[in-house]
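Topology and contacts: notes
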Amino acid sequence: MSRDLPHPPVIAWHRRLSARVALGYLALIAGVLTVQAVVFLRLVEQGESNNSPELNQAMAAEFSRALESNPHLDLDQALTRLDPSEAVFVIIKDGRVSSPRKPIPAGVLESVMSSFEHPITDAVLRAWVTSRYVGFPVVVRGEVVGALGTVPLTTVERYGPTVAGIGAALLIAGAFVASVLIVGPVRSRIQELHGAAARLGAGELTARAREAGADEVAELARAFNTMADELQRRATALHASDRARRQLIADVSHELMTPLTAILGHLETLSMTEVRLDDAKRLHQIAITTREAKRLERLIGDLLELARLEAGGGELAIQTVDTHDLFDQVVAHHEHECRQRKVDLVHSIESDAATITADPFRLEQAIENVTANALRHTPDGGTIRMRAERGDGTIVLTVEDPGEGIAPEHLPHIFDRFYKTSSAKGMASRGSGLGLSIVKAVVARHGGRVSATSTLGVGTTIRIELPSPASGRFASGRPMYSAQTA
Ligand SMILES: Nc1ncnc2c1ncn2[C@@H]1O[C@H](COP(=O)(O)OP(=O)(O)OP(=O)(O)O)[C@@H](O)[C@H]1O
Ligand SMILES: [Mg+2]
């Protein structure tokens, strides 16, 4: 079975989840970059002020004081304690050197050490201050004993760690905010959908997802709910058909059992040697047994017939049927009983309903069943009317009887298999309740419909509508049944 699949719904771009996620991340990255740029610029500004010669000079003075108070000062420790933002180094006249952060560039150490071979003149000090590396003298008790300098840091060395640290922190915080604001709600909705799918999978057919929103998740939820509705509908239909199947098996067994029990009972009586039966009684027993066996045969025949018709088996031999012939055959079939019970079976045929396109055998079978019912329910001396007329694109055949009628609560069910009204159940040996089911199946196979109207105490009319070949109505062949009560 192939069905046109619905197109996925068109979602406005600004409502799409992908657009919201992309915009969210764009905002996050823009925010991180802005903060990074501001931090970087502030750091550069600060770095320039940190680098000032005044600061280095103050550091040299501080270092000098420390060395003055402790000639055996741990140079590395002392330099670190000054907490310089630059890679500061110190070279002492006695050969001690400290440069904790970066190695002293080649040549600088030699040039400073060689300066100490002569008294340090003002010219040397000026040269130090203006040089690229060496900065200020380390002075202990008025004597220049060393020099403090800086090895400039590269931009990456200077700002890299701070910028990277702040960037990482911003990214982590931003990702957290994004996950809470963007991914979080989506995740919880998908989880909800997952929960609904799991519950549906576990057999809870009423499980549905929340459809709020207009994005992809909402569309998915809607599609899921449509699927769940369809599943529930099918499960209900399956349940109903399963129930109907069980009911059918029970009904069939019961209906077969009744004549079979009767047959077995009579056969047992006949076979009892101790019971002496005269010929008349024996023949009576055999007659009852034969009748019950025939009933059983008819019942099984009807069941097979109905199964074949409903399963679409047995091709219809469609041809033009003369309505007069059809009605005459039915009347002839019941002539004997009608004469005995003084029942009139009359028919009228409109000129434009003189022929019908149908399977003559099947159609006669249907009219025959309806007429047999009418006859069964018509009191002696009554009149049954059969009519053929043209309807709206149809040929309408009606059988109207002046019987006791059908109560409104029974009327909707008379076309069901094995359905008998309670009064009919009293006449147990009369029918099996399959006649009208066969009528329904025959008419449905012709693409027509059958209905019943009835008034208690007045009578019943069964109406069979068959598509007239010119009209093309019921072309789909869809069966239609109805039952009405007046
Ligand atoms: N013309 C009618 N007047 C009153 N009741 C009717 C009439 N036709 C049908 N019914 C009721 O509808 C029930 C179903 O009819 P249906 O023809 O299917 O079964 P049946 O006549 O009992 O058995 P079967 O036709 O198999 O011999 C009947 O048992 C009867 O109670
Ligand atoms: Mg019947």
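Look up: the structure comes first, before these words.
Residues numbered from 1 in each chain as written. Chains lettered and ligands numbered in written order. Predicted model: local features only at pLDDT ≥ 70, side-chain atom pairs only at ≥ 80, totals over all residues. Heavy atoms only, no water.

1. Some points on helix 10 (residues 360–377)
Helix length check: helix 10 (18 residues) gives 26 Å between terminal C-alpha atoms against 26 Å at 1.5 Å per residue, within 8%. Residues of helix 10 that are buried: Arg362, Leu363, Gln365, Ala366, Ile367, Glu368, Val370, Thr371, Ala374 and Leu375. (Helix = DSSP H or I, 4+ residues; strand = E, 2+ residues; numbered from the N terminus. Expected span 1.5 Å × (residues − 1). Buried < 20%, exposed > 50% of the residue type's maximum accessible area, 1.4 Å probe, protein only.)

2. With respect to the environment of Arg210
Note on placement: Arg210 falls in the loop between helix 6 (155–201) and helix 7 (216–271). For Arg210, a relative accessible area of 51% corresponds to the exposed category. Along the sequence, Arg210 and Glu192 sit 18 residues apart, while their C-alpha atoms lie 7.6 Å from each other. Excluding its chain neighbours within four sequence positions, the residues that come into contact with Arg210 are Arg189, Glu192 and Ala221. Within the local environment of Arg210, its side chain forms a polar contact with the side chain of Glu192, the two groups lying 2.9 Å apart. (Contact = heavy atoms within 4.5 Å. Polar contact = N/O pair within 3.5 Å; in protein donor to acceptor, adjacent residues only side chain to side chain.)

3. Regarding the site of ligand 1
The environment of ligand 1 is formed by 19 residues, the closest being Arg298, Asn373, Asp401, Thr421 and Gly433. Within the contact set of ligand 1, a nitrogen atom lies 3.5 Å away from a side-chain nitrogen or oxygen of His377. Gly433 places a polar main-chain atom, nitrogen or oxygen, 2.8 Å from an oxygen atom of ligand 1. In the complex, 97% of the free accessible area of ligand 1, which totals 590 Å², lies under the protein chains. When residues of the shell around ligand 1 are assigned to their parent elements, the largest contribution, four residues, is made by helix 10. Split by residue class, the shell around ligand 1 holds seven nonpolar, eight polar and four charged. (Near = heavy atom within 4 Å. Areas by Shrake-Rupley, 256 points an atom, 1.4 Å probe, with all protein chains shown as cover. Nonpolar A, V, L, I, M, F, W, Y, C, P; charged D, E, K, R; others polar.)

4. A look at the packing of helix 6 against helix 7
Two elements in contact, helix 6 and helix 7, have axes separated by 11 Å at closest approach and are oriented at 10°. Comparing their axes, helix 7 and helix 6 come out roughly parallel. In this structure, helix 6 uses Val186, Arg189, Ile190, Leu193, Ala196, Ala197 and Leu200 to contact helix 7, whose residues at the interface are Val217, Ala218, Leu220, Ala221, Phe224, Met227, Ala228 and Leu231. Class assignment of the residues belonging to the contact of helix 6 with helix 7 gives a composition of 14 nonpolar, no polar and one charged. (Axes fitted to C-alpha atoms, helices over the stretch in contact; angles between N-to-C directions. Parallel < 35°, antiparallel > 145°, perpendicular 65-115°, else oblique.)

5. Remarks on unusual backbone geometry
Look at Arg141: it is not a glycine, yet its phi comes out positive at around 45°. Mapped onto the elements, Arg141 comes out in the loop between strand 3 (134–140) and strand 4 (143–151). Classification of Arg141 as exposed rests on a relative accessible area of 63%. With a phi angle near 65°, Phe418 is a residue other than glycine that sits in the positive phi range. Within the secondary structure, Phe418 is located in the loop between strand 9 (394–401) and helix 11 (422–426). A relative accessible area of 8% means that Phe418 is categorised as buried.

6. Some thoughts on the sheet that holds strand 4
The four strands are arranged 2-1-4-3 in an open sheet whose pairing can be described as antiparallel. The open sheet has two edge strands, strand 2 (97–98) and strand 3, and neither has a second partner. Summarising the sheet, strand 1 (residues 87–92) and strand 2 pair through two bridges and their orientation is antiparallel. Note that in strand 2 the partner of Ile91 across the bridge is Val97. (Pairing = 2+ DSSP bridges.)

7. Some details on the nonpolar core
In this structure, Leu397 and Ile464 are the most contacted members of the largest nonpolar core, which totals 45 residues. If you count residues domain by domain, this core takes at least three from each of domain 3 (238–308) and domain 4 (317–485). Discounting residues that sit within four places of it in the chain, Leu397 has contacts with Thr323, Leu326, Phe327, Ile356, Leu363, Ile367, Arg387, Ala388, Ile462, Arg463, Ile464 and Leu466. If you look at the next biggest cluster of nonpolar residues, it comprises 16 residues, including Ala60, Leu73, Leu79 and Ile92. (Core = buried A, V, L, I, M, F, W, Y, C linked by side-chain atoms within 4.5 Å. Domains from an automatic or database assignment.)

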